[in-house]
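Summary of structural features
If you want the building blocks of each chain, they are given just below.
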Protein chains: 2
Amino acid sequence: MINRDSQQEQGTAERIRDAAAALFRENGFNGTSMQALATAVGVTKSSLYHHYPSKQALLAAIIEVTMSRVTPLVREIAESDLSASLRLHRALELHTVESIRERDHVACFREESRYLSPDFMATHRQKRDEYEVLFRQTVEEGIDNGEFLAQDPALATMALLGMCDSVIRRYRPAGRHTPDEIALAFADTALRGLGTPAAAGVATGEAAR
Amino acid sequence: MINRDSQQEQGTAERIRDAAAALFRENGFNGTSMQALATAVGVTKSSLYHHYPSKQALLAAIIEVTMSRVTPLVREIAESDLSASLRLHRALELHTVESIRERDHVACFREESRYLSPDFMATHRQKRDEYEVLFRQTVEEGIDNGEFLAQDPALATMALLGMCDSVIRRYRPAGRHTPDEIALAFADTALRGLGTPAAAGVATGEAAR
DNA sequence: GTCTATAGGCGGATAGAC
DNA sequence: GTCTATCCGCCTATAGAC
């Protein structure tokens, strides 16, 4: 689980994407100029346009790459044979830990995607909905089979994802907790938040380990 | 509690602020030009500079006005004599309902404040911390007196505020729920998320009414 | 695949008349 | 308090040499 061994030999397109993600997160999409990006990468502005046809396409690529990596991982959990509580707990834990570790890219997804032009936006919205429905379905299942309290599943899913997404801005590397600890605490809080009609300590992180 | 009767006779400075808040939320601070704002208000660019010395100062004013209105309301709840559970529940409910009703202004506070220049930012950070500490202290108190499970109060507060803040982007006026319903559901979820060592249904929204 | 040079427009902000 | 006119810099993007 070491962070990408192949970083030593990273293509220019990838280096541009990573630098752009960091700058977009830090200064916003509209607050980042192609000149500033070029300087950060160590090339000229023109070179950027050799790898990406436009600033918009670059943002779309950043979002697409991370979505394509994480969605299958969440899908595998969501479609496994575990209880809804356990699946949701693990999916939220994964979601949160990825949001911290890859927060530059995830910030582009959650905060900067709104600046995509209509054509890029259409594709993005579709993938985003595919991703979020994995969580919502699990919540619905848990409500239907009595693992969670009766409640609006859309509203509950919105609340839980919103909670976990907040780490993008609120997490500080200098803080007292590791990403894994934070993800566990958030997933525990989320599961408790859904409520368990049977008061047994079902599927808290501690019970699951 | 009707929404500002005096809206009929609103000064130009206020009209500029409201239009700017809406545009900043929709297109971002850096995605909104002073020309676009002037057009929206129905004046020329130059007139804007008669009321606000810079675009930065305008953003700072938008944030300041809403903060100054909501903070005392939360403070009153946080410093009341109720149990920590009830105080937190009511404070989160207020926070959430205001985030929905005044989402243009709150979005400027939560999402666009990062574009403030250092001097404006210093003031902003101070007021933001004063606001959030009201929630954190209540969480701490509830943990200390056994109303909530033992946990890191900073982390828990971050999670709950992050959850409630998500309505800024995820709330849709066309949805099935009123702002009050959403705020109640979120506050209930938040309180459950903190956990109650004594399993009694303490301070859920239903119990509190 | 990277560079220099430049197009062409829009950005925030100001001067000064009325 | 609102206007017209304007400054000047930076923006995305392109042309074309090496």
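Coordinates for the structure precede this section.
Everything in this summary refers to the structure shown in the same document. All figures in this text were calculated on a predicted structure; none of them were measured in a lab. (Residues numbered from 1 in each chain as written. Chains lettered and ligands numbered in written order. Predicted model: local features only at pLDDT ≥ 70, side-chain atom pairs only at ≥ 80, totals over all residues. Heavy atoms only, no water.)

**What to know about the packing of helix 1 (residues 12-27) of chain A against helix 2 (residues 34-41) of chain A**
In helix packing, the relevant descriptors are the interaxial angle and the interaxial distance, both defined with respect to the helix axes. All names here are of chain A. Where we set the bar: Note on geometry: axes are lines fitted to C-alpha atoms, helical ones only across the stretch in contact, with angles between N-to-C directions running from 0 to 180 degrees. Counting from the N terminus, the helices are DSSP H or I runs at least four residues long and the strands are E runs at least two residues long. Orientation categories follow fixed angle ranges, with anything under 35 degrees roughly parallel, anything over 145 roughly antiparallel, 65 to 115 roughly perpendicular, and all other angles oblique. In this scheme, a crossing is called left-handed if the near helix is turned counterclockwise away from the far one by less than a right angle; it is called right-handed if the turn is clockwise. Any pair of residues with heavy atoms lying within 4.5 Å of one another is described as a contacting pair.
For the pair helix 1 and helix 2, interaxial distance at closest approach is 9 Å and the crossing angle is 125°. Taken together, the axes of helix 1 and helix 2 are oblique relative to one another. The element helix 1 and its partner helix 2 pack so that their crossing is right-handed. Each of R15, I16, A19, A20 and L23 in helix 1 lies in contact with helix 2, whose residues at this interface are A36, L37, A40 and V41.

**Considering the protein's contact with DNA strand C**
To be explicit about the condition: Here a residue is near a molecule or strand as soon as one of its heavy atoms is found within 4 Å of it. Counted as a polar contact is a pair of N or O atoms within 3.5 Å, where, for protein atoms, one must be capable of donating a hydrogen and the other of accepting one, and residues adjacent in sequence contribute only when both atoms are in side chains. Gly counts as polar in this scheme, as do all residues outside two lists: the nonpolar Ala, Val, Leu, Ile, Met, Phe, Trp, Tyr, Cys and Pro, and the charged Asp, Glu, Lys and Arg.
Inspection of the region around DNA strand C gives 15 residues, with A:T44, A:S46, B:M34, B:K45 and B:K55 positioned closest. Expressed as a percentage, the sugar and phosphate content of the atoms of DNA strand C within 4 Å of the protein is 52%. A distance of 2.6 Å separates a phosphate oxygen of DNA strand C from a polar backbone atom of A:T44. The contact in question runs from a phosphate oxygen of DNA strand C to an N or O atom on the side chain of B:Y49, over 2.9 Å. At the level of secondary structure, the elements contributing two or more residues to the surface near DNA strand C comprise helix 3 (45-51) of chain A together with helix 3 (45-51) of chain B. Sort the elements by how many residues they give to the surface near DNA strand C and helix 3 of chain A lands first, with four residues. Classifying every residue of the surface near DNA strand C gives three nonpolar, ten polar and two charged.

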